[in-house]
Amino acid sequence: MTGHSVEAEQDHLVSVIVRDEPKVLTRITALFGRRAYNIKSLSVGSTENPGLSRMTFVVTGNRGIVEQAMKQLEKLIDVVHVIDHSLEKFVDRELVLVKVHISNETRVEVRHIAEDFRARIVDVGRHALTFEVTGDEGKITAFTEQMRPFGILETMRTGRVALTRGSNADIPSHVYHDGESAALTAMSTAVAPREQEAQTVENLF
């Protein structure tokens, strides 16, 4: 018996450089919402170029659907550049604040675990310690799970941020991606509007 294989859904890390215009975030999230994508995390911040911001999404879906979403993003007039982090090696980080319940019996053990993760104490109370942890997704998740038995009172994760590794430019282009690396290309070179290119993309939304 034969059947068609179904591509499994997985997390995809995508950065989008946008112009600082009103409602640009609403337009981008609405694009994902119309296709019922699950945005697992979203981070927004300023860039090295005044007037441009960087959005980093973690989107859950199969590869083909996410690629279509990125093409649709390029059609938006306020979008300057779309970066698919699966095409090149990247460095990513996330920050979490975790408030953990403590007692006289657990205070020392909780501190020792935090030291192993290089977590920083940002608030001290009689019955709770609040930690700041920075790292990749695996480290953040591991720290949270280590603290769970003591009682997590509150937690807040920022969502992932990412940059293409500068060392990509030192690796031959045929090793893991097509064409030349964009690792050393400043985003300012991509500020020109992309409306003409966008017109060639079929609108599936």
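Residues numbered from 1 in each chain as written. Predicted model: local features only at pLDDT ≥ 70, side-chain atom pairs only at ≥ 80, totals over all residues. Heavy atoms only, no water.

Describing the pattern of salt bridges
Counting across every chain of the model gives 9 salt bridges. The salt bridge involving Asp 92 is made with Arg 160; its shortest N-O contact spans 3.0 Å. Here Arg 160 lies in the loop between strand E8 (152-157) and strand E9 (161-164) and Asp 92 lies in strand E5 (residues 90-101), a separation of 68 residues in the sequence. By relative accessible area, Asp 92 is classed as buried at 11%. (Salt bridge = Lys/Arg side-chain N within 4 Å of Asp/Glu carboxyl O. Helix = DSSP H or I, 4+ residues; strand = E, 2+ residues; numbered from the N terminus. Buried < 20%, exposed > 50% of the residue type's maximum accessible area, 1.4 Å probe, protein only.)

Things to note about the packing of aromatic side chains
For the structure on display, the rule yields 2 aromatic pairs. For the ring pair Phe 117 and Phe 143, a centre distance of 5.4 Å and an interplane angle of 75 degrees mean the geometry is edge-to-face. Residue Phe 117 is located in the loop between helix H3 (107-116) and strand E6 (120-124), and its partner Phe 143 is located in helix H4 (residues 137-147); the two are separated by 26 residues in the primary sequence. The class of Phe 117 is buried, set by a relative accessible area of 17%. Measuring from ring centre to ring centre gives 5.9 Å for Phe 131 and Phe 143, while their planes differ by 75 degrees; the resulting arrangement is edge-to-face. Residue Phe 131 is located in strand E7 (residues 128-135), and its partner Phe 143 is located in helix H4; the two are separated by 12 residues in the primary sequence. For the pair formed by Phe 131 and Phe 143, the shared burial category is buried. By the ring-pair criterion, three or more aromatic residues cluster together here, those being Phe 117, Phe 131 and Phe 143. (Phe/Tyr/Trp six-rings, centres within 6.5 Å; stacked < 30°, edge-to-face > 60°.)

Quick notes on the packing of helix H1 (residues 24-34) against helix H2 (residues 63-73)
At a minimum axis separation of 11 Å, H1 and H2 run at an interaxial angle of 145 degrees. With respect to the hand of their crossing, H1 and H2 are arranged in right-handed fashion. From H1, Ile 28, Leu 31 and Phe 32 reach across to H2, where they touch Ala 69, Gln 72 and Leu 73. Of the residues assigned to the contact of H1 with H2, the class counts are 5 nonpolar, 1 polar and no charged. (Axes fitted to C-alpha atoms, helices over the stretch in contact; angles between N-to-C directions. Left-handed = near helix turned anticlockwise from the far one by under 90°. Contact = heavy atoms within 4.5 Å. Nonpolar A, V, L, I, M, F, W, Y, C, P; charged D, E, K, R; others polar.)

Here we look at the nonpolar core
Judged by nonpolar contacts, the single largest core of 17 residues is most densely connected at Val 16, Val 18, Ile 28, Phe 32, Phe 57, Leu 73 and Val 82. Elements with a minimum of two residues in this core: strand E1 (10-19), H1, strand E3 (52-61), H2 and strand E4 (79-84). What Leu 73 contacts, discounting residues up to four positions off in sequence, is Val 16, Ile 28, Leu 31, Phe 32, Val 79 and Val 82. Residues Val 96, Phe 117, Ala 119 and Val 133 belong to the second largest nonpolar core, which totals 16 residues. (Core = buried A, V, L, I, M, F, W, Y, C linked by side-chain atoms within 4.5 Å.)

Quick look at H1
What H1 keeps buried is the set Val 24, Ile 28, Leu 31 and Phe 32. Seen along its axis, H1 keeps its buried residues to an arc of 95 degrees; they face one direction. Opposite the packed face of H1, turned more than 90 degrees from it, sit the exposed residues Thr 26 and Arg 34. (Arc of directions from axis to C-beta.)

With respect to the sheet that holds E4
Within a beta sheet, neighbouring strands are joined by backbone hydrogen bonds and run either parallel or antiparallel to one another. Taken in spatial order, the 4 strands of this open sheet run E2-E3-E1-E4, and their pairing is antiparallel. A single partner strand is all that each edge strand has here, and the edge strands are strand E2 (38-46) and E4. For this sheet the average axis-to-axis angle between neighbouring strands, irrespective of direction, equals 20 degrees. Bridge count between E2 and E3: 8 bridges; the pairing is antiparallel. Opposite Ile 39, over in E3, you have Val 59 as the bridge partner. Strand contacts of H2: E1, E3 and E4, with the helix running at about 160 degrees to E4, the strand carrying the most contacts. (Pairing = 2+ DSSP bridges.)

Quick look at the pairing of E7
Taken across its 8 residues, E7 has 7 buried, putting it largely inside the fold. Pairing analysis gives 8 bridges linking E5 to E7, with the strands arranged antiparallel. Bridge pairing in E7 links Leu 95 to Thr 134.

The values are spatial; any link to function lies outside them.
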